[in-house]
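So the chains spell out like this:
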Amino acid sequence: MLGVDLSERRGTGPATEFPRQLTKKHDLSDTVFLVDSYGYLTALYRLDLSEHLDYIDQNLMEE
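The structure displayed is predicted, hence computed values, not measured ones.

*Asks:* Help me get a handle on the overall build of the protein, residues and values and all.
*Replies:* If you tally the helices and strands in the protein, you get two helices and two strands. Across the protein, contacts joining residues at least 24 apart in sequence account for 38% of those joining residues at least 6 apart.

Structure (C-alpha cells):
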C-alpha cells in the first residue's frame, strides 16, 4: 500500500490530488491503479498515469 487519504469532497479535484501526492513520494513506474468509473479515471489521465490503469466495474475496496 502506497498511501491512504480520506476526503469529504467528491470530484476530480480530490481524486487528482491523491495520486499527485503519491508521485512526489514514490516511483510509480511499476504501480497499477485499480479504479472504478469515478474521478480517478480522469485524475490518472491528468497525471499521465493512465498506462498504469486497470479499470473494473467495482473497486475491490468497495465490496
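*Asks:* Lay out unusual backbone geometry with the relevant residues and their values.
*Replies:* Despite not being glycine, Asp48 has its phi angle at roughly 55 degrees, a positive value. In this structure, Asp48 sits in the loop between α2 (40-46) and β2 (53-55).

*Asks:* Can you explain the nonpolar core? Please cite residues and give values.
*Replies:* The biggest cluster of nonpolar side chains holds nine residues, and these are Phe18, Leu22, Leu28, Phe33, Val35, Leu41, Leu44, Leu47 and Leu49. Of all elements in the fold, only α1 (12-25), β1 (33-35) and α2 reach the threshold of two or more residues within this core. When neighbours within four sequence positions are excluded, Leu49 is seen to be in contact with Pro19, Thr23, Leu28, Phe33 and Leu44.

*Asks:* Account for the pattern of salt bridges, with residues named and values stated.
*Replies:* All told, the structure shown has one salt bridge when counted by the stated rule. With its nearest N and O atoms 3.3 Å apart, the salt bridge here joins Arg20 to Glu17. Pair noted here: Arg20 and Glu17 are both in helix α1, with a separation of three residues, about one helical turn. With a relative accessible area of 33%, Arg20 lands in the partly exposed category.

*Asks:* Explain α1 to me, and be specific about the residues and the numbers.
*Replies:* When the terminal C-alpha atoms of α1 are compared, their 21 Å separation across 14 residues agrees well with the 20 Å that a helix rising 1.5 Å per residue should span. Turning to α1, its buried residues number three or more, namely Pro14, Ala15, Thr16, Phe18, Pro19 and Leu22. In this structure, the buried residues of α1 make contact with β1 and α2.

*Asks:* With reference to specific residues and values, describe the confidence of the model for the protein.
*Replies:* Any region with low pLDDT has predicted coordinates that should not be read closely. Residues of the protein with pLDDT of at least 70 account for 76%, and the chain-wide mean is 76. When mean pLDDT is compared element by element in the protein, α1 scores highest at 86, while β2 scores lowest at 65.

Rules behind the numbers
- Residues numbered from 1 in each chain as written.
- Predicted model: local features only at pLDDT ≥ 70, side-chain atom pairs only at ≥ 80, totals over all residues.
- Heavy atoms only, no water.
- Helix = DSSP H or I, 4+ residues; strand = E, 2+ residues; numbered from the N terminus.
- Contact = heavy atoms within 4.5 Å.
- Core = buried A, V, L, I, M, F, W, Y, C linked by side-chain atoms within 4.5 Å.
- Buried < 20%, exposed > 50% of the residue type's maximum accessible area, 1.4 Å probe, protein only.
- Salt bridge = Lys/Arg side-chain N within 4 Å of Asp/Glu carboxyl O.
- Expected span 1.5 Å × (residues − 1).
- pLDDT = per-residue confidence, 0-100.

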